[in-house]
Amino acid sequence: SARNSIVEGAALLYKIHQEELWQDHYSSFSEFVEGECQLSKGYASKLVQVWEGYVIKGGVSHAKLNDIDPERLYLALKLPDTDFNSKLVKAQTWTREDLRTELIEGKYGEHNHTLGDERWGRCTVCNTFHRV
């Protein structure tokens, strides 16, 4: 499936990022992913964080990530739960909106920073999403 390819791509991006394999032809990892992979640097960064968080740090089998929306995996990864399997279950079962709400208003406390006029934005202070 396409999501299997995304997980495989996340593994490759992680390896390229960690081993700085982009350096021979590009001046930065961001330039590499935008030029060679046609991915935004933000999306590539999320994929690298998902792979590192769940597989490398969390010990979760990469096969468990295959059928889950990468954005939901990323959002669940930002939740303060220490158990990666708990994060995985939330990524599987919660919507993106549910995850964003939990990050902002859920049992993890209120969000106290301000942003611009967009409906959703990323807070540069704590790197969570914020409803404005």
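Here is what the cut-offs are and how they apply
- Residues numbered from 1 in each chain as written.
- Predicted model: local features only at pLDDT ≥ 70, side-chain atom pairs only at ≥ 80, totals over all residues.
- Heavy atoms only, no water.
- Core = buried A, V, L, I, M, F, W, Y, C linked by side-chain atoms within 4.5 Å.
- Buried < 20%, exposed > 50% of the residue type's maximum accessible area, 1.4 Å probe, protein only.
- Helix = DSSP H or I, 4+ residues; strand = E, 2+ residues; numbered from the N terminus.
- Contact = heavy atoms within 4.5 Å.
- Salt bridge = Lys/Arg side-chain N within 4 Å of Asp/Glu carboxyl O.
- Polar contact = N/O pair within 3.5 Å; in protein donor to acceptor, adjacent residues only side chain to side chain.
- Axes fitted to C-alpha atoms, helices over the stretch in contact; angles between N-to-C directions.
- Parallel < 35°, antiparallel > 145°, perpendicular 65-115°, else oblique.
- Left-handed = near helix turned anticlockwise from the far one by under 90°.
- Nonpolar A, V, L, I, M, F, W, Y, C, P; charged D, E, K, R; others polar.

## Structural notes on the nonpolar core
Move 1: In terms of nonpolar packing, the biggest core is built from 29 residues, with Leu13, Phe29, Phe32, Tyr54, Leu65, Leu73 and Leu88 touching the most fellow members.
Move 2: Elements with a minimum of two residues in this core: helix H1 (2-18), helix H2 (29-36), helix H3 (41-57), helix H4 (70-77), helix H5 (84-93) and helix H6 (96-104).
Move 3: The contact partners of leucine 13, leaving out residues within four places of it in the chain, are Phe29, Phe32, Val33, Cys37, Leu39, Ala44, Leu47 and Val48.

## A word on the pattern of salt bridges
Move 1: Under the counting rule described, the total for this entry stands at 4 salt bridges.
Move 2: The partner of lysine 15 in a salt bridge is glutamate 19, and the shortest N-O contact between them spans 3.1 Å.
Move 3: Its salt-bridge partner being arginine 100, residue glutamate 71 comes within 3.7 Å of it at the nearest N-O pair. Taken together, the residues glutamate 71 in helix H4 and arginine 100 in helix H6 connect sequence positions 29 residues apart. Assigned by exposure class, glutamate 71 and arginine 100 land together as buried.
Move 4: Among the charged side chains, a network of salt bridges with common partners joins Lys46, Glu71 and Arg100.

## A few points about the environment of glutamate 36
Move 1: Considering the arrangement of structural elements, one finds glutamate 36 in helix H2.
Move 2: Note: C-alpha distance between glutamate 36 and tyrosine 26 (10 residues apart in sequence) is 9.5 Å.
Move 3: For glutamate 36, the residues in contact, after removing those within four places along its chain, are Tyr26 and Glu31.
Move 4: In this structure the side chain of glutamate 36 is engaged in a polar contact, spanning 2.5 Å, whose partner is the side chain of tyrosine 26.

## Structural notes on the packing of H3 against H4
Move 1: Running from amino to carboxyl end, H3 crosses H4 at an angle of 60°, the nearest separation of the two axes being 9 Å. Here H3 is positioned oblique relative to H4, judged by the angle of their axes. Regarding H3 and H4, the two cross each other, and that crossing is left-handed. On H4, the residues that touch Tyr43, Lys46, Leu47, Gln49, Val50, Gly53 and Tyr54 of H3 are Pro70, Glu71, Leu73, Tyr74, Ala76 and Leu77.
Move 2: By residue class, the composition of the contact of H3 with H4 is 9 nonpolar, 2 polar and 2 charged.

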